Amino acid sequence: MCFLLVSLKVFAGEKDIVVVESYSQKIQCDVDYANEIKKSLGNEYKITFFEMNTKILPPQEHQGMGIKALNLISKIKPTLVILDDDPALKFVGSQLEKDQIRTVYLGVNDNPRIYFDQEPKYVTGVLERPLIIRSAAFIKKIIPQAKKFLILFDHARTSEIVFKDFFDNHSSVSFSDIKYDVFLLNKFSDWKNLVLKANKEYDAIIIGLYFS
């Protein structure tokens, strides 16, 4: 008599996906993409979310949160890792490439190549490109008489990238015959003071990123 033994065991991690959030579920954009991931993949995979919370924690703690994320990934051994935004890619992505773990990123603003020593083979994804110039043209249609706008950002990583890529690190730029003064601020008090004085100099205020 001959017996055929077939193992039905699912290897550890085959049905696991880890999502590393640069921020947290207290931010609406995180909630939105997390819901879509759950909707698309939740029936077939167990999805674990890790919040780096870099909008709240000081910069000197960001690398430590990346290490915690890597430790979690090492424990779960997922079939796929999803990285949200630049801090996650910066502090987690290069090690995942070295470990040959399949990884997809989303919401990344900077050139992803700067986060790797060489062209990655296991990490890929989609860039986020703010529509700055198109928005400027649209604003001109809404307020045709506008000549000068104030743009306010916090001083987080994404704000710095937008300031570098789209404003070329210039505090004043012009699009569609409108002058834009751009401020990256660390303190709410500085933000508040600029807003209170804005009506003396600006036609409108544009709110960029403000979580930090």
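Our subject is the structure that appears above.
Conventions we followed
- Residues numbered from 1 in each chain as written.
- Predicted model: local features only at pLDDT ≥ 70, side-chain atom pairs only at ≥ 80, totals over all residues.
- Heavy atoms only, no water.
- Core = buried A, V, L, I, M, F, W, Y, C linked by side-chain atoms within 4.5 Å.
- Buried < 20%, exposed > 50% of the residue type's maximum accessible area, 1.4 Å probe, protein only.
- Helix = DSSP H or I, 4+ residues; strand = E, 2+ residues; numbered from the N terminus.
- Contact = heavy atoms within 4.5 Å.
- Salt bridge = Lys/Arg side-chain N within 4 Å of Asp/Glu carboxyl O.
- Axes fitted to C-alpha atoms, helices over the stretch in contact; angles between N-to-C directions.
- Parallel < 35°, antiparallel > 145°, perpendicular 65-115°, else oblique.
- Left-handed = near helix turned anticlockwise from the far one by under 90°.
- Nonpolar A, V, L, I, M, F, W, Y, C, P; charged D, E, K, R; others polar.
- Pairing = 2+ DSSP bridges.
- Right-handed = clockwise from strand over helix to strand, strands pointing away.
- Lys, Arg positive; Asp, Glu negative; His and termini not counted.
- Polar contact = N/O pair within 3.5 Å; in protein donor to acceptor, adjacent residues only side chain to side chain.

The next subject is the nonpolar core. Note on soluble globular proteins: their nonpolar side chains tend to be buried together. In this structure, Val20, Ile73, Leu83, Leu89, Val92 and Leu96 are the most contacted members of the largest nonpolar core, which totals 22 residues. Elements represented by at least two residues in this core include exactly strand E1 (16-21), helix H2 (62-76), strand E3 (80-84), helix H3 (85-98) and strand E4 (103-108). Looking at this core, the element that brings in the most residues is H2, giving five residues. Look past the residues within four positions of leucine 89 in its chain and what remains in contact with it is Leu83, Ser94, Tyr105, Val108, Pro112, Tyr115, Phe116 and Val123. Core analysis: the second largest hydrophobic core is formed by 17 residues, Val162, Phe167, Tyr180 and Ala204 among them.

It is worth spelling out the pattern of salt bridges at this point. This structure, assessed with the given rule, holds six salt bridges. Note that lysine 39 is salt-bridged to glutamate 36, the shortest N-O span being 3.3 Å. On the criterion of helical spacing, the pair formed by lysine 39 and glutamate 36 is a turn pair, its members being three residues apart in helix H1 (residues 28-41). For glutamate 36, a relative accessible area of 42% gives the class partly exposed. For lysine 164, the salt bridge identified is with aspartate 110, shortest N-O distance 3.0 Å. Note that lysine 164 is positioned in helix H5 (residues 157-167) and aspartate 110 in the loop between E4 and strand E5 (123-127), a separation of 54 residues in sequence. The class of aspartate 110 is buried, set by a relative accessible area of 4%. Within the structure, one salt-bridge network assembled from shared partners comprises Asp110, Arg157 and Lys164.

Taken N-terminus to C-terminus, the directions of H2 and H3 make an angle of 40 degrees; their axes are 8 Å apart at the nearest point. Of the possible angle classes, the one that applies to H2 and H3 is oblique. When you trace H2 past H3, the crossing you get is right-handed. Contacts between H2 and H3 pair His62, Gln63, Gly66, Ala69, Leu70 and Ile73 from the former with Phe91, Val92, Gln95 and Leu96 from the latter. Considered class by class, the residues forming the contact of H2 with H3 number six nonpolar, four polar and no charged.

In this section: the sheet that holds strand E6 (residues 148-154). Across the sheet, four strands lie side by side as E7-E8-E6-E9; this open sheet has mixed pairing. Only two strands of the sheet have a single neighbouring strand rather than two, namely strand E7 (172-175) and strand E9 (204-207). Adjacent strand axes in the sheet meet at a mean angle of 30 degrees, parallel and antiparallel pairs treated alike. Strand contacts of helix H6 (residues 188-197): E6, strand E8 (178-185) and E9, with the helix running at about 170 degrees to E6, the strand carrying the most contacts.

The side chains of a regular strand alternate between the sheet's two faces. Pairing geometry for E1 and strand E2 (residues 46-51), over six bridges, is parallel. Paired with valine 19 across the bridge in E2 is phenylalanine 49. Running through H1, the crossover from E1 to the neighbouring parallel element E2 is right-handed.

A few words now on the side chain of aspartate 84. Locating aspartate 84 in the fold gives a position in strand E3. Buried charge aspartate 84 goes without a salt bridge, the closest partner of opposite sign being lysine 55 at 9.2 Å. Of the polar contacts made by the side chain of aspartate 84, one reaches the side chain of tyrosine 33; its length is 2.9 Å. Look past the residues within four positions of aspartate 84 in its chain and what remains in contact with it is Val20, Glu21, Ser22, Tyr23, Asp30, Tyr33 and Leu106.

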